[in-house]
Amino acid sequence: MQTRKGWSGPLKKMEEKILKEGKILPGGVLKVGNFLNQQIDTPFMKEIGEEIAKMYKDDEVTKILTIEASGIPIAVSAGFAMNLPVVYAKKNKSSNISGDVYSVMVHSFTHGNNNNVMVGKEYISPDDKILIVDDFLAHGSALYGLIDIVEQAGAKVAGCVAAVEKGFQLGGDKLRKEGYRIDSLAIIEEMTDSEIRFRK
């Protein structure tokens, strides 16, 4: 993982925006709906996409994978910057998902429920090298689920990118210890009701 010392641009800006515009809610919830996952700061999102493209410019990524809904803007921004298609896992099977699917059960700690997420088999092939993108990384459930889908398809995981990682919930560090490349634009080391401290 890259050192955070001296980071600038969208990497430093993410920390600054969290401190300025984020809100800490009861239960260890960080609300960033003002710029990341309800109202989208589109110029900043463009910067995020370009930064992700720089991180993975030499990794021969063929597709970007995310999960609905909050990961989609970040994944699409990266897709534009990398000139790659974006696939997103759906949380419920709908009429426009036909045929065979890759699926896995994912627990949402934010919503306190389980979702059977799925991707149509026609969208990921064994030849793909997949970059997984999401808005938050906490316990790692969503990323583990998406990694599972990639592995079901026989494809390869190039790495995972999170806009915001809650380092104190250890999901990212657990994935790193298992050998996955994990990049986050901001890693929160500690969060109390009144203070946020970033990993340096």
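The structure contained in this document is the topic of the report that follows. Being a predicted model, the structure only gives us computed values, none of them experimental.

**Here's the deal with the pairing of strand β7 (residues 129–137)**
Regular strands place their side chains on alternate faces of the sheet.
Then, in step 1: Counted residue by residue, β7 has 8 buried out of 9 residues, so it is predominantly covered.
Then, in step 2: Summarising the sheet, strand β3 (residues 63–67) and β7 pair through 3 bridges and their orientation is parallel. Note on β7: the bridge partner recorded for L65 is I132.
Then, in step 3: Bridging between β7 and strand β8 (residues 156–166) involves 8 bridges; their strand directions are parallel. In the sheet register, K129 faces β8, and the bridge partner there is K156.
Then, in step 4: The parallel pair β7 and β8 is bridged by helix α5 (residues 141–152), and the resulting crossover is right-handed.

**Points about the environment of D183**
Then, in step 1: Counting through the fold element by element, D183 comes out in strand β9 (residues 182–191).
Then, in step 2: Sequence separation of D183 and V29 is 154 residues, and the distance between their C-alpha atoms is 21 Å.
Then, in step 3: Side chain to side chain, D183 and Y56 meet in a polar contact 2.6 Å long.
Then, in step 4: Among the polar contacts listed, one links the side chain of D183 to the side chain of R181, at a separation of 2.8 Å.

**A look at unusual backbone geometry**
With glycine set apart, most residues show a phi of negative sign, and most peptide bonds adopt trans.
Then, in step 1: Following E68, the chain continues to A69 via a peptide bond in cis, the omega torsion being 0°.
Then, in step 2: Relative to the helices and strands, A69 resides in the loop between β3 and α4 (72–82).
Then, in step 3: Notably, N83 is not glycine yet its phi reads approximately 60°, a positive angle.
Then, in step 4: Note on placement: N83 falls in the loop between α4 and β4 (86–89).
Then, in step 5: By relative accessible area, which is 70% here, N83 ends up exposed.
Then, in step 6: For L170, which is not glycine, the phi dihedral falls at a positive 70°.
Then, in step 7: Note that L170 resides in the loop between β8 and α6 (171–177).

**Some remarks on α5**
Then, in step 1: Here α5 contains 12 residues, and its C-alpha end-to-end distance of 16 Å stays within 8% of the 16 Å for a straight helix at 1.5 Å per residue.
Then, in step 2: Those residues of α5 that fall on the buried side of the exposure criterion are A142, L143, G145, L146, I147, I149 and V150.
Then, in step 3: In the segment just after α5, G154 is the residue with positive phi, at about 75°.

**Structural notes on the sheet that holds β3**
Then, in step 1: Pairing is mixed across the open sheet formed by 6 strands, whose spatial order is β4-β3-β7-β8-β9-β10. Edge strands, defined here as strands with exactly one partner in the open sheet, are β4 and β10 (196–198). If you compare each strand with its neighbour and ignore which way they point, the axes differ by 30° on average.
Then, in step 2: Along the sheet, helix α3 (residues 42–55) makes contact with β7, β8 and β9, crossing β9 at roughly 115°.
Then, in step 3: Strands β3, β4, β7 and β8 of the sheet are contacted by α5, whose axis makes an angle of about 165° with β7.

**Thoughts on the pattern of salt bridges**
Then, in step 1: This structure, assessed with the given rule, holds 15 salt bridges.
Then, in step 2: Among the ionic pairs, E165 bridges to R176, the shortest N-O distance being 2.7 Å. Taken as a pair, E165 in strand β8 and R176 in helix α6 lie far apart in primary sequence, 11 residues in all. There is no split in this pair, since E165 and R176 are both buried.
Then, in step 3: One salt bridge in this structure joins R197 and E190, with 3.1 Å as the shortest N-O distance.
Then, in step 4: Accessibility expressed as a relative area gives 42% for R197, which makes it partly exposed.
Then, in step 5: Each of E165, D173, R176, E189 and R199 takes part in salt bridges that share partners, so that together they form one network.

Quick notes on the rules
- Residues numbered from 1 in each chain as written.
- Predicted model: local features only at pLDDT ≥ 70, side-chain atom pairs only at ≥ 80, totals over all residues.
- Heavy atoms only, no water.
- Buried < 20%, exposed > 50% of the residue type's maximum accessible area, 1.4 Å probe, protein only.
- Helix = DSSP H or I, 4+ residues; strand = E, 2+ residues; numbered from the N terminus.
- Pairing = 2+ DSSP bridges.
- Right-handed = clockwise from strand over helix to strand, strands pointing away.
- Polar contact = N/O pair within 3.5 Å; in protein donor to acceptor, adjacent residues only side chain to side chain.
- Expected span 1.5 Å × (residues − 1).
- Axes fitted to C-alpha atoms, helices over the stretch in contact; angles between N-to-C directions.
- Contact = heavy atoms within 4.5 Å.
- Salt bridge = Lys/Arg side-chain N within 4 Å of Asp/Glu carboxyl O.

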